[in-house]
Amino acid sequence: MRANKMDQPNQGVKCVVNTCYYYMSGDHCSADKIEVQPKNASNTEETDCATFVPQGQY
Ligand code: SF4
């Protein structure tokens, strides 16, 4: 899912993935929306942000 990068943090998300295009310092996400996968996950480790894009890709 392609998200729009905002110029302010998404207040509903805390994220520490500092290699992501959408990451903002202070552990913020600047994506206007995120998608989390996969279906049928059974614990925290199995879930991931599917909106992640490596820095430099766009
Ligand atoms: S898109 Fe996902 S991985 Fe990237 S900063 Fe936002 S929550 Fe983190």
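Residues numbered from 1 in each chain as written. Predicted model: local features only at pLDDT ≥ 70, side-chain atom pairs only at ≥ 80, totals over all residues.

A. Molecular detail of the overall build of the protein. A tally of helices and strands in the protein yields zero helices and four strands. Over its C-alpha trace the protein gives a radius of gyration of 11 Å, about what one expects of a compact globule, namely 10 Å for 58 residues. Along the first, second and third principal axes, the C-alpha set of the protein runs to 35 × 20 × 15 Å. Excluding contacts between residues fewer than 6 apart, the proportion of contacts in the protein whose partners are at least 24 apart in sequence is 43%. (Helix = DSSP H or I, 4+ residues; strand = E, 2+ residues; numbered from the N terminus. Rg over C-alpha atoms; globule rule 2.2 N^0.38 Å. Contact = placed C-beta atoms within 7 Å.)

B. Representation of the site of the ligand within the structure. For the ligand, the full set of nearby residues is V13, C15, V17, C20, Y22, Y23, C29, A31, I34, C49, T51 and F52. Across the shell around the ligand, the residue classes tally to 11 nonpolar, one polar and no charged. (Near = placed C-beta within 6 Å. Nonpolar A, V, L, I, M, F, W, Y, C, P; charged D, E, K, R; others polar.)

C. Spotlight on the environment of G12. Summarising the element assignment, G12 is placed in the segment before strand 1 (23–24). As for G12 and K33, which are separated by 21 residues in sequence, their C-alpha atoms are 9.4 Å apart.

D. Layout of the environment of K5. Along the chain, K5 turns up in the segment before strand 1. On the neighbour-count criterion, K5 (13 C-beta atoms within 10 Å) is partly exposed. For K5, the residues in contact, after removing those within four places along its chain, are Y22, S30 and A31. (Buried ≥ 20, exposed ≤ 12 C-beta atoms within 10 Å, placed from the backbone.)

E. Representation of unusual backbone geometry in the model. Following Q37, the chain continues into P38 via a peptide bond in cis, with omega recorded as -5°. Position of P38 relative to the elements: it lies in the loop between strand 3 (36–37) and strand 4 (48–49). The phi angle at D27 is positive, at roughly 65°, despite the residue not being glycine. In this fold, D27 is placed in the loop between strand 1 and strand 2 (28–29). We classify D27 as partly exposed; it has 13 C-beta atoms within 10 Å. Although it is not a glycine, N40 sits at a positive phi angle of roughly 65°. Counting through the fold element by element, N40 comes out in the loop between strand 3 and strand 4.

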